[in-house]
Amino acid sequence: MGITIGIVYDQIRWEEKAIIETAKARGIKVNLINAKQSFFNITHRDKDDLENLGDVLLQRCVSYFRNLHLTAILENKGYYVVNPYKVSSICGNKLLTSITLSRAGIPTPETYVAFTPEGALSAFKKLNRPAILKPIVGSWGRLIVPLKDEETALAVFEEREYMFPLYQIYYIQDMVKRPPRDIRTFVIGDEVVAGIYRYSFTDVKTNIARGGKAEYCQITDELRELSLKAAEVVGGGILGVDMMETENGFVVHEINHTVEFKATVETTGVNIPKYIVGYLIRKAKK
Amino acid sequence: MKVSCPECGAEFESPQDVVIGEILTCPECGLELEVTSIGEGSVEVKPSQVSGEDWGE
């Protein structure tokens, strides 16, 4: 019996297509599971109510809450999902990521959290440096605001009072002095397979989805060691580790659990889909 | 397989291995279209959601 990889998705982007094609070229059966057309009995733990979805499942939903909750359901039904729920729950939440990284002794930007505009203003004063306000759950740079003075900071905090409660958890991070770029490394299992610089000269946000430009980044021993350690403390899997270069060395500020890699493949020539499929095959055989 | 753009009416061919959920770009107007169903020789699409509040990596 050959291996079947199940890919859970809500959109087929370049990345998903590349993974599907790579798996098929290796003679692996691919089962596409469209999250938008699926439903599950969550009070029934057996797999019996489902056709066999695969020997291993790759979670690729672009919607974070759909991604996370669907993974919880599938794990409860006995599937091994990449990345696991525990990993996605930490990586999808900046507060949990900061706690996890700092507890493990991994350098990460100094961060305060408060729960009211008044508390947030006190935290900003205590930090006493330019900072960045980030939603604890969010992507592609949405609602990330540089805070430079108290007056505008308070105005931004107060505005958040009219938003969904998740945005009223004020995550205030030191705006570290860095070149106009950050570093994204790709960790797949126990390997660091590629790295890129993400440049933005006009914006604090370097996200490729926001127009950041990718450039090849050599994986030095220091980068490799830090990337693997950061990936390990959040539980490991297929991860994108985001780092910044500071005067005192690298700091890890984010770890991505449903990573996009089109720009990285184009920039570095590394066949990331091949590494992903290889990793899934190893997990399926376990 | 044939695709008809719901925005500008252009007709174009999808890739042979098209799957539901795939994003196609209309060659005429540039609109991104999400494949909703695949029939005999034709593909149904709708304008794709640009970005949800919890989307992204």
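Preceding this paragraph is the structure being described.
As the structure is a computational prediction, the values presented were derived from the model and not from experiment. (Residues numbered from 1 in each chain as written. Chains lettered and ligands numbered in written order. Predicted model: local features only at pLDDT ≥ 70, side-chain atom pairs only at ≥ 80, totals over all residues. Heavy atoms only, no water.)

(A) Fine view of the packing of helix H5 (residues 117-127) of chain A against helix H6 (residues 150-160) of chain A. Residues and elements named next belong to chain A. One way to put it is that H5 packs onto H6 with a least axis distance of 9 Å and a crossing angle of 150°. One element, H5, and the other, H6, form an angle in the roughly antiparallel class. Note that H5 runs across H6; the crossing there is right-handed. Contacts between H5 and H6 pair Pro-117, Ala-120, Leu-121, Phe-124 and Lys-125 from the former with Glu-150, Ala-153, Leu-154, Phe-157 and Glu-158 from the latter. In terms of residue class, the contact of H5 with H6 is built from 7 nonpolar, no polar and 3 charged. (Axes fitted to C-alpha atoms, helices over the stretch in contact; angles between N-to-C directions. Helix = DSSP H or I, 4+ residues; strand = E, 2+ residues; numbered from the N terminus. Parallel < 35°, antiparallel > 145°, perpendicular 65-115°, else oblique. Left-handed = near helix turned anticlockwise from the far one by under 90°. Contact = heavy atoms within 4.5 Å. Nonpolar A, V, L, I, M, F, W, Y, C, P; charged D, E, K, R; others polar.)

(B) Structural context of the layout of surface pockets. Of the volumes computed, that of the largest pocket is approximately 620 Å³. Every residue lining the largest pocket is counted, 26 residues in all, and those nearest its centre are A:Arg13, A:Glu15, A:Trp140, A:Ala209 and A:Glu260. Of all the secondary-structure elements, those providing two or more residues to the lining of the largest pocket are helix H1 (14-25), strand S9 (181-188), strand S10 (191-199) and helix H8 (262-268) of chain A together with strand S3 (23-25) of chain B. Tallying contributions element by element places H8(A) first for the lining of the largest pocket, with 3 residues. (1 Å grid on protein atoms, 1.4 Å probe; cavity = no way out; pocket = protein on both sides within 12 Å on 5 of 7 lines; lining within 4 Å. Points joined across faces, edges and corners; volume = space filled by probe spheres on them.)

(C) Quick look at the side chain of B:Glu34. Relative to the helices and strands, B:Glu34 is located in strand S4 (residues 32-38). For B:Glu34, a relative accessible area of 5% gives the class buried. At 2.8 Å, the side chain of B:Glu34 and the side chain of A:Lys36 are in polar contact. (Buried < 20%, exposed > 50% of the residue type's maximum accessible area, 1.4 Å probe, protein only. Polar contact = N/O pair within 3.5 Å; in protein donor to acceptor, adjacent residues only side chain to side chain.)

(D) Molecular detail of the packing of aromatic side chains. Residues and elements named next belong to chain A. Taken as a whole and judged by the stated rule, the model has 5 aromatic pairs over all chains. Centroid distance Trp-14 to Phe-261: 6.2 Å. Interplanar angle 70°. Geometry classified as edge-to-face. Of the two residues, Trp-14 is situated in helix H1 and Phe-261 in the loop between strand S13 (249-256) and H8; the sequence distance between them amounts to 247 residues. For Phe-261, a relative accessible area of 0% gives the class buried. Members of the aromatic cluster, each reached through a chain of ring pairs, are Tyr-197, Tyr-199 and Phe-201. Taking the ring centre of Tyr-197 as reference, the NZ or CZ of Arg-181 above it sits at 3.8 Å. Over the ring of Tyr-275 we find Lys-274, and its NZ or CZ is 5.5 Å from the ring centre. (Phe/Tyr/Trp six-rings, centres within 6.5 Å; stacked < 30°, edge-to-face > 60°. Lys NZ or Arg CZ within 6 Å of the ring centre and 35° of its normal.)

(E) Quick look at the interface of chain A and chain B. Each partner contributes residues to the interface: chain A has 26 residues there, and chain B has 18 residues. Here chain A packs against chain B, burying approximately 1,800 Å² in sum over the two surfaces, 41% of which is carbon and sulfur. For the pair chain A and chain B, the number of links is 3 salt bridges. Notably, a salt bridge pairs B:Asp17 with A:Lys17, separated by 3.3 Å at the nearest N-O pair. (Buried area = accessible area lost by both parts, 1.4 Å probe. Salt bridge = Lys/Arg side-chain N within 4 Å of Asp/Glu carboxyl O.)

(F) Quick peek at the sheet that holds strand S4 (residues 81-82) of chain A. Residue and element names in this part refer to chain A. Strand order across the open sheet formed by 4 strands is S2-S1-S3-S4, with parallel pairing between neighbours. Both outer strands of the open sheet, strand S2 (29-34) and S4, are each paired with one neighbouring strand and no more. In this sheet, strand S3 (residues 56-59) lies alongside strand S1 (residues 4-9) in parallel orientation, the contact comprising 4 bridges. Residue pairing for S3: Gly-6 is matched across the bridge by Leu-57. Here H1 sits on the sheet and contacts S1, S2 and S3; the angle it forms with S2, its principal contact strand, is near 155°. (Pairing = 2+ DSSP bridges.)

Geometric values such as these leave the question of function open.
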